[in-house]
Amino acid sequence: MMDRGLKEVENPSEMLLSGRPTDAPGTCVTCAMEGARPVLAEVQALVAKTMANVPRRASDGFDFNRANLLLAVAEKRGGLSIGMCDAYINVIGGLQLDEPAADLALVLVTLFWGVSYYLVDLCLDELQPMNLNAFRFLLAFLVLAPIFWKKLRHINRATLKYSAIIGTLLVGVYAGATFGVANTSISNAGFICALPVVFTPLLDLLFNRNRPDKNLGVALILCTVGLALLTLNEQFRPAKGDLICLVCAVCYAADMLVTEKAVKQPEVDALTLGVCQLGVAGVLMLLVSAVTEQPRLPQFPTIWGAAIFLGLFCSGLAFVIQAVAQQYTTASHVGVIFTLEPVFSAIVAYFFANEKLLPRGYVGAALMLLSLLVMEMDWRAVFRKRTD
């Protein structure tokens, strides 16, 4: 900020490192990506013995859970006695250091969810919707609970509370997705259920008063036009399943907002939250299925295989990977990666279900993908990189 207004900082690394003392203990310089520009940033750390019963840990500009993980590794593998020490980590200049190396894991999660639409459509030939959802979530919980039993034993009240809330929202998410697939095409379901990336900032604005950036308006226009081209028939009416899939998208947007609020609290463990929400969702879905349906186990090997894959990979493993990977990457990275979900679902539907869209449907799908990219990309950084 100058007396005549804002002025571009041509070399932010030089500014951030200016005045840094040489050979200072507890500091180091690292290279981080800020937008599309690599920036050299100074990281400061202070470790001191504490007189309190519980050591204090604080992190500014660095993920809190990741900082605790690194401290534990330093003590266990490095032989450093820091278990009863306060630890403070700070990144100079207000930067937020994130690790994009988890992107491949998130792409794997997106692939699982893209394949799931075809498998759900296959299982619905034998199992009723809530019966199928109860099976996959309870199977995922029963497999993951013994693996992470040490963490689940020490679950606290805050984690239980958020597990109940998020598990209830997941019932709406997967009920909408499953009933939607039963009443519309696999490709339509895949594209519409990927809309939480657009709905999330809208709900954040309504309930948290967090104003989104200017990309939202353009993204909503593109998304609305694309949704119309994809779903409206010759009478300009959407299929019933398309509207049900919209319920899935809204519920999942609310799910992400509640999860974001939960994991920011130090007493909530993200991995424990991810496992427990599977159990809550599975129990609730089983109760709904018992009242409205006739729950039963799959009868044919093909359906058994599809249902087990949905439970272990598309529900269980996917939620564990997402919970862990999101600690090491940014929300923008995750949003862009998750736009691949409808692409995977359309590819699977084309090759395995012999399902093809009308030409205008492909145009609509392309516009919806473009809306997601417009919503998540930092266009200023892209154009600044070109000019540089």
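The rules behind the values
- Residues numbered from 1 in each chain as written.
- Predicted model: local features only at pLDDT ≥ 70, side-chain atom pairs only at ≥ 80, totals over all residues.
- Heavy atoms only, no water.
- Axes fitted to C-alpha atoms, helices over the stretch in contact; angles between N-to-C directions.
- Helix = DSSP H or I, 4+ residues; strand = E, 2+ residues; numbered from the N terminus.
- Parallel < 35°, antiparallel > 145°, perpendicular 65-115°, else oblique.
- Left-handed = near helix turned anticlockwise from the far one by under 90°.
- Nonpolar A, V, L, I, M, F, W, Y, C, P; charged D, E, K, R; others polar.
- Expected span 1.5 Å × (residues − 1).
- Buried < 20%, exposed > 50% of the residue type's maximum accessible area, 1.4 Å probe, protein only.
- Core = buried A, V, L, I, M, F, W, Y, C linked by side-chain atoms within 4.5 Å.
- Contact = heavy atoms within 4.5 Å.
- Patch = residues over 30% accessible without salt bridge, like charges linked within 9 Å, V, L, I, M, F, W, Y side chains within 5 Å.
- Areas by Shrake-Rupley, 256 points an atom, 1.4 Å probe, with all protein chains shown as cover.
- Salt bridge = Lys/Arg side-chain N within 4 Å of Asp/Glu carboxyl O.
- pLDDT = per-residue confidence, 0-100.
- Phe/Tyr/Trp six-rings, centres within 6.5 Å; stacked < 30°, edge-to-face > 60°.

Asker: What is the right way to read the packing of helix α6 (residues 157–183) against helix α10 (residues 240–263) from this model?
Answerer: A pair of packed helices is captured by two measures, namely the crossing angle of their axes and the spacing between those axes. Axis separation between α6 and α10 bottoms out at 7 Å; the angle between their running directions is 160°. Put simply, α6 runs roughly antiparallel to α10. In this structure, α6 meets α10 at a crossing whose hand is left-handed. Split into classes, the residues belonging to the contact of α6 with α10 amount to 17 nonpolar, six polar and three charged.

Asker: Looking at this model, I keep getting lost on helix α4 (residues 129–147). Mind explaining?
Answerer: Look at α4: 28 Å from first C-alpha to last across 19 residues, which is about the 27 Å you get at 1.5 Å a residue. The set of residues buried in α4 consists of P129, M130, N131, L132, N133, A134, F135, R136, F137, A140, L144 and A145.

Asker: Please explain the nonpolar core as it appears in this structure.
Answerer: One broad trend across soluble globular proteins is that nonpolar side chains are buried collectively. Formed by 57 residues in total, the largest nonpolar core has its most connected members in C123, L132, F137, L170, Y174, M285 and L310. When neighbours within four sequence positions are excluded, F137 is seen to be in contact with L170, Y174, L278, A281, G282, M285, S315 and F319. Formed by five residues, the second largest nonpolar core is a distinct cluster that contains V43, F62, I89 and V91.

Asker: What is the right way to read a nonpolar patch on the surface from this model?
Answerer: Nonpolar side chains collect at one region of the surface, where V143, I147, I308, L312, F313 and L317 lie side by side and expose about 440 Å² of accessible area between them. When contributions to the nonpolar patch are tallied by element, the ones reaching two or more residues are α4 and α12 (301–325). Structurally, I308 is set in helix α12.

Asker: For this particular structure, what's the right way to read the confidence of the model for the protein chain?
Answerer: Detailed conclusions should not be drawn from predicted coordinates in areas where pLDDT is low. Per-residue confidence for the protein chain gives a mean pLDDT of 75, with 63% of residues at or over 70. The secondary structure element of the protein chain with the lowest average pLDDT is helix α13 (residues 331–338), at 51, and the one with the highest is α4, at 93.

Asker: How do you make sense of the packing of aromatic side chains when you look at a structure like this?
Answerer: How two aromatic rings sit relative to each other is set out by the distance from centre to centre and by the angle between their planes. Taken as a whole and assessed by the stated rule, the structure comprises three aromatic pairs. Summarising the aromatic geometry, the rings of F135 and W304 are spaced 5.7 Å apart at their centres and angled 75° between planes, so their arrangement reads as edge-to-face. One end of the pair, F135, is in helix α4; the other, W304, is in helix α12, and 169 residues separate them in sequence. Residues F137 and Y174 carry aromatic rings whose centres are separated by 4.7 Å and whose planes lie at 80° to one another, so their mutual orientation is edge-to-face. Separated by 37 residues along the polypeptide, F137 in helix α4 and Y174 in helix α6 bring together distant segments of the chain. Of the two residues, F137 and Y174, neither departs from the other in class, the shared state being buried.

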